[in-house]
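Chains, contacts and geometry: an overview
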Amino acid sequence: TFFHQALAGAALACVGPASARSTAPERGPGGTQRAEFDGTLAFLREGFLFIPNRCNSLNSDVFETRLLFKKVICLNGYNAAKMFYDTHLFERRNAAPERMRRTLTGDGGVQSLDDAAHRTRKAMFLSLMTPGKLGRFTSILNRELNGASLLWMGKKKVTLFEEMQEILFRSACAWSGVPLTDAEARKRADDMGKMVDGFAAIGCRNYRAKLARKRSEAWMVDVIEKVRRNELAAPQGAALHTMTWHKDGNGQLLPGNTVAVEMLNIVRPITAIATYVTFAALALHDHPRCAASLRGGDDEDYQVFVQEVRRYYPFTPFVLAKVRKDFDWQGVHFPAGRAVLLSAYGVDHDPELWPNPEQFDPQRFRNWDG
């Protein structure tokens, strides 16, 4: 499946030619461009290239298909991305399928909110992103990395991805104020990874992701309840304190399970950065000139390198939304309530945005306009 492709063979997947192409395009009612009747099996086979493949063969930024027999509209490219984030046209509430909410995102989190409720919850997250607080996270992460590197020196083999998951998870917990023992760190970090790895899988991997979500939410709810009963101290200004005592637009504390979901929206994505760290190591291996320039480089050298890693390698195949009201775009009708998928990988490899997109070139970000 596509997430296994991403983590096990990402470099080959994104630099090699697409081996699987869509079937011959059809025209739906009103001229809507269509791929195959149901694209589920092709999606699992092609992964990150599923949407770009079909947009290329259809010579269009939009097409309609079915996934798990449900109609969806798929988007790709620069203009589609600009349109996708128009909040007058799209909403996020209930856009994610149940299998994603039961594994990756949980129920009631910021990803599922719109309008004023979304802005209020987002402001809570942004209050944690001040330079001082981010600097504190950097210090914690450096401490964890230095400690781990001493242990690595005594080993014959180190699996970077697994090690970075635990390091980042430990750092996320320490930064956000969540208590964590050494005995439970690897197991809980592994659960964070399972949620990311299994949300789009079918069968055992998806089931493991659901179990990991249940365990993680139960653990976090217990922590939050102890804070509210004054049995556990949450550092002022840390994510645990901020979220536990955050009030919604009606002046009410968030339910404990909602706070747990939002706390996991802090520690899970930070843990998931292990994927980017692994891709960065792969990039340094495949492009030794980058490694040489970074050894004597400054902050800008690091910044452009990291940006190109994020652009070049696959991380998430698409982002989701739901049509808020009927409208038409590029001759295609978007009915209210229809699920829409924007190819994140496709936008990051759009030749209209990125000259020579299949070439790894950090220098493209030197004068990037954002």
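The structure we're discussing is the one just above.
What you see is a predicted model, and the numbers here were worked out from it, not measured in a lab.

The subject of this paragraph is helix H7 (residues 131-152). Taking 1.5 Å of rise per residue, the 22 residues of H7 would be expected to cover 32 Å, and the 31 Å separating its terminal C-alpha atoms lies within 8% of that figure. Of the residues making up H7, those classed as buried are Phe137, Ile140, Leu141, Glu144 and Ala148. Relative to the axis of H7, the buried residues are bounded by an arc of 100° and lie together on one face. Exposed residues on H7 whose side chains face more than 90 degrees from its buried face are Pro131, Gly132, Arg143, Asn146 and Leu150. Where H7 is buried, its residues contact helix H8 (160-176) and helix H12 (256-286).

The next thing to look at is the state of the cysteines. Enumeration according to the criterion identifies 0 disulfides in this entry. With no disulfide partner, Cys74 has as its closest neighbouring cysteine sulfur the one in Cys55, 7.4 Å distant. Its relative accessible area of 0% is what places Cys74 among the buried residues.

Attention now moves to the pattern of salt bridges. Tallied over the entire structure, the rule returns 24 salt bridges. Note that Asp182 and Arg170 form a salt bridge whose closest N and O atoms lie 2.9 Å from each other. Of the two residues, Asp182 is situated in helix H9 (residues 182-198) and Arg170 in helix H8; the sequence distance between them amounts to 12 residues. A salt bridge links Lys194 to Asp190; the shortest N-O distance between them is 2.2 Å. One end of the pair, Lys194, and the other, Asp190, are both in helix H9, 4 residues apart, so they sit about a helical turn from each other.

Here is what the cut-offs are and how they apply
Residues numbered from 1 in each chain as written. Predicted model: local features only at pLDDT ≥ 70, side-chain atom pairs only at ≥ 80, totals over all residues. Heavy atoms only, no water. Helix = DSSP H or I, 4+ residues; strand = E, 2+ residues; numbered from the N terminus. Expected span 1.5 Å × (residues − 1). Buried < 20%, exposed > 50% of the residue type's maximum accessible area, 1.4 Å probe, protein only. Arc of directions from axis to C-beta. Contact = heavy atoms within 4.5 Å. Disulfide = S-S within 2.5 Å. Salt bridge = Lys/Arg side-chain N within 4 Å of Asp/Glu carboxyl O.

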